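Listed below, chain by chain, are the residues.
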Amino acid sequence: MAAFGWIWGVATSDADDGALAPDLARGQAIYAQACASCHGAALEGQIDWRSRGPDGRLPAPPHDATGHTWHHSDRVLLDITMRGTAAVVGGGYESNMPGFADIYSEDELRDVLEWIKTQWPERERVHQAQVTARDEAAR
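Rules used in this analysis
Residues numbered from 1 in each chain as written. Predicted model: local features only at pLDDT ≥ 70, side-chain atom pairs only at ≥ 80, totals over all residues. Heavy atoms only, no water. Salt bridge = Lys/Arg side-chain N within 4 Å of Asp/Glu carboxyl O. Buried < 20%, exposed > 50% of the residue type's maximum accessible area, 1.4 Å probe, protein only. Axes fitted to C-alpha atoms, helices over the stretch in contact; angles between N-to-C directions. Helix = DSSP H or I, 4+ residues; strand = E, 2+ residues; numbered from the N terminus. Parallel < 35°, antiparallel > 145°, perpendicular 65-115°, else oblique. Contact = heavy atoms within 4.5 Å. Nonpolar A, V, L, I, M, F, W, Y, C, P; charged D, E, K, R; others polar. Disulfide = S-S within 2.5 Å. Core = buried A, V, L, I, M, F, W, Y, C linked by side-chain atoms within 4.5 Å.

*Asks:* It is not clear to me how the pattern of salt bridges should be interpreted in this structure. Could you clarify?
*Replies:* Pairing between side chains of opposite charge can happen when the charged atoms of each approach one another. Tallying each qualifying case throughout the model produces eight salt bridges. Of the charged contacts, one joins Glu 124 and Arg 123 as a salt bridge, the two residues approaching to 2.8 Å between their closest N and O atoms. With a relative accessible area of 58%, Arg 123 lands in the exposed category. Connected via shared salt-bridge partners are Asp 74, Glu 114 and Lys 117.

Below you can see the structure in the form of structure tokens.
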């Protein structure tokens, strides 16, 4: 059985077929279709994303370097993207962020996350890769 990993935004495999690169064009297209309406076409998030709205929920955060996406491991980001924030956080937490596992495949959602990473400055990419490595080592 082949082992797979995600390093520096590139899917790697020890299988005979070599490295598997993410489909960044597909990730960008899915982001534009499913994510940009809330998180912004330029990953800028919604206005006052740190302040709860009248419904008590936080607006969509930015996915650029000004947000906190890059503070989370690949595993956590994929889980949120697949199941939705409320399902991941639990404890009655409410969020407008749905899960997309019924609409997109895991590979498609990984492509979105990999595309988002390409938009970050190197410092954020390095930090997020370290967070991911620590998370994987702890598992």
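*Asks:* Looking at this structure, how should I read the packing of helix H1 (residues 24-39) against helix H4 (residues 106-118)?
*Replies:* Between two packed helices, what matters for the description is the angle formed by their axes and the separation of those axes. With their axes 7 Å apart at the nearest point, H1 and H4 run at an angle of 95° to one another. Viewed along their axes, H1 and H4 adopt a mutual orientation that is roughly perpendicular. Counting all contacts with H1, which are made through Leu 24, Arg 26, Gly 27, Gln 28, Ile 30, Tyr 31 and Cys 35, the residues of H4 involved are Asp 107, Glu 108, Asp 111, Val 112, Glu 114, Trp 115, Ile 116 and Thr 118. The residue inventory of the contact of H1 with H4, partitioned by class, reads seven nonpolar, three polar and five charged.

*Asks:* It is not clear to me how the state of the cysteines should be interpreted in this structure. Could you clarify?
*Replies:* Here a disulfide denotes a covalent bond joining the sulfur atom of one cysteine to the sulfur atom of another. Under the criterion given, the structure shown has zero disulfides. Cys 35 takes part in no disulfide bond, and the closest cysteine sulfur, belonging to Cys 38, lies 8.7 Å away. Cys 35 sits in the buried class, given a relative accessible area of 15%.

*Asks:* How should the nonpolar core be read in this particular structure?
*Replies:* For soluble globular proteins, the rule of thumb is that nonpolar side chains tend to be buried together. Counting 17 residues, the largest nonpolar core has Tyr 31, Ala 34, Tyr 104, Val 112 and Ile 116 as the members making the most contacts within it. Beyond its immediate chain neighbours, meaning those up to four positions away, Tyr 31 contacts Ala 36, His 39, Gly 40, Ala 41, Leu 43, His 63, Val 112, Trp 115 and Ile 116.

*Asks:* It is not clear to me how the environment of Pro 121 should be interpreted in this structure. Could you clarify?
*Replies:* As for its position among the elements, Pro 121 is in the loop between H4 and helix H5 (122-138). Judged by relative accessible area, which is 41%, Pro 121 ranks as partly exposed.

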